[in-house]
Amino acid sequence: MVRVTRMAREPVPARSLREERRRQQELLSQNHLLDAAEVVFAEKGYAGATVKEIAERSEFSVGAVYQFFESKEALLRGVMRRRNVEVRQQMEEVLARSDDPYEQLHALVDFVTEWYDAHEPYYRLFQQAIGAAWMNLKVGFDDTNWSQYEDILALEAGVFASGIERGRFRPLDPAGMAVIFAGMMQAYLAHRIVGVGADKRPAAEVLPLKEVHQLVDRAFLLEGGSGS
C-alpha cells in the first residue's frame, strides 16, 4: 500500500498579504480616479478639465491624485488605455462565440452599439480623441494606446479576412474594410447620442439597429451572396 504524504502548506508571509492588500487597494483607487476623470473629460474636454475637478468628483485630494497619476495628461492616457483594453477583451469574447464570419460581423454590430451606449461619457471623450481637436490640444495617443486601438481593428480585419476566404464577403483589403466598418459604427453611434436633423430625432428611430445590419450587409456581403 502506497502512503500519500501530504506536504504541509507553507504559511503566506504576513508581509506578502499586506502587499497584496495594498496593491488591490491601489488598483481600486486608480479605477475610481479614472471613472471620475472619464466623466470630467467628457463634460469639459481635455482643455477645460482640471485635476481639482477630477479630485472633487472622486472625493480624493489633489495631492492623492498626483500620487497615482503624475499629470492631467497621464490621467487621460489612463482612461483611454483602460477602455481600449476592456473593449478588446470583450470583443474577443464575442467573436469566440461563433466561427462563422457573417455571424461574427453582426455580433460586432450589436456589441459595439451596446457597449458604447453603456459608456456614453467615454464615447464623448473618444470622439474628442479621434477628432481634429485632439491634435490642437497637442495630446495624442502614446504607443501603447495606439497599438491597442490597432489591435481592435486587427480583430475586425480578421473577421473580414475569414469572410473573404469563405467567399462570403467582397474581395477587398480586410484592413481597409475594418476601417470602413469602424467608421460606419462610429458615425451611427455619434447620432445615437446627439440625434439626427434639426429636431435631433433619436437615431435609433431614424435608423433602427436592424437597418444598420442591412447596411452592413450591403457594404460588405459579396453581391448575390447570402448571410445564411
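Going by the structure above, here's the rest.
Let me sum up the structure you'll find in this document. Model, not experiment: these values are computed from the prediction.

In this structure the tally under the stated criterion is ten salt bridges. The salt bridge involving Glu73 is made with Arg77; its shortest N-O contact spans 2.2 Å. With Glu73 and Arg77 both in helix 4 (residues 72-95), this residue pair falls four residues apart, about one helical turn. Where Arg88 meets Asp151, a salt bridge forms, and the shortest distance between an N and an O atom there is 3.4 Å. Placement of Arg88 in helix 4 and of Asp151 in helix 8 (residues 143-165) is noted, with a sequence separation of 63 residues between them. The partly exposed category is assigned to Asp151, whose relative accessible area is 34%. Here the residues in one salt-bridge network are Asp35, Glu38, Arg82, Arg83 and Glu86, joined through shared partners.

Quick look at helix 2 (residues 51-58) now. Within helix 2, burial applies to Val51, Ile54, Ala55 and Ser58. Viewed along the axis of helix 2, the buried residues span an arc of 100°, placing them on a single side of the element. Residues of helix 2 that are exposed and point more than 90 degrees away from the buried face comprise Lys52 and Glu56. Positive phi appears at Glu59, one or two residues downstream of helix 2, with a value of about 65°.

A few words on the nonpolar core. In this structure, Phe41, Leu75, Leu105, Tyr122, Phe160, Phe169 and Phe181 are the most contacted members of the largest nonpolar core, which totals 52 residues. For this core, the element with the most residues is helix 4, which contributes nine residues. If we skip the residues at most four places from it in the chain, Leu75 touches Leu34, Ala37, Phe41, Ile54, Val65 and Phe69.

Moving on to the packing of aromatic side chains. Any two aromatic rings considered together are summarised by their centre-to-centre distance and by the angle between their planes. Applying the stated criterion across every chain, the model contains nine aromatic pairs. Ring centres of Tyr116 and Tyr122 lie 6.5 Å apart, and the angle between their planes is 15°; this geometry places the pair in the stacked category. Here the aromatic residues Trp115, Tyr116, Tyr122 and Tyr123 are joined through ring pairs into a cluster of three or more.

Two numbers describe how helix 5 (residues 101-118) lies on helix 11 (residues 209-220): the axes approach to 11 Å, and their chain directions differ by 135°. Taken together, helix 5 and helix 11 sit at an angle that is classed as oblique. Crossing geometry of helix 5 relative to helix 11 is assigned as right-handed. When helix 5 is examined against helix 11, the residues Tyr102, Leu105, His106, Val109, Asp110 and Thr113 are found in contact with a partner set consisting of Leu209, Val212, His213, Val216, Asp217 and Phe220. Per-class residue counts for the contact of helix 5 with helix 11 are seven nonpolar, three polar and two charged.

A word on unusual backbone geometry. The residue Glu59 is not glycine, and still its phi comes out positive at about 65°. When you line up the elements, Glu59 lands in the loop between helix 2 and helix 3 (62-68).

Attention now moves to helix 5. Think of an α-helix as 3.6 residues a turn; residues three or four steps apart then line up on the same face. With 18 residues, helix 5 extends 25 Å between its outermost C-alpha atoms, agreeing within 8% with the 26 Å of an ideal straight helix rising 1.5 Å per residue. Of all the positions in helix 5, only Pro101, Tyr102, Gln104, Leu105, His106, Leu108, Val109, Phe111, Val112, Thr113, Trp115 and Tyr116 are classed as buried. One side-chain oxygen at the N-terminal end of helix 5 lies 2.8 Å from the backbone nitrogen of Tyr102; it belongs to Asp100.

Rules used in this analysis
- Residues numbered from 1 in each chain as written.
- Predicted model: local features only at pLDDT ≥ 70, side-chain atom pairs only at ≥ 80, totals over all residues.
- Heavy atoms only, no water.
- Salt bridge = Lys/Arg side-chain N within 4 Å of Asp/Glu carboxyl O.
- Helix = DSSP H or I, 4+ residues; strand = E, 2+ residues; numbered from the N terminus.
- Buried < 20%, exposed > 50% of the residue type's maximum accessible area, 1.4 Å probe, protein only.
- Arc of directions from axis to C-beta.
- Core = buried A, V, L, I, M, F, W, Y, C linked by side-chain atoms within 4.5 Å.
- Contact = heavy atoms within 4.5 Å.
- Phe/Tyr/Trp six-rings, centres within 6.5 Å; stacked < 30°, edge-to-face > 60°.
- Axes fitted to C-alpha atoms, helices over the stretch in contact; angles between N-to-C directions.
- Parallel < 35°, antiparallel > 145°, perpendicular 65-115°, else oblique.
- Left-handed = near helix turned anticlockwise from the far one by under 90°.
- Nonpolar A, V, L, I, M, F, W, Y, C, P; charged D, E, K, R; others polar.
- Expected span 1.5 Å × (residues − 1).
- Polar contact = N/O pair within 3.5 Å; in protein donor to acceptor, adjacent residues only side chain to side chain.

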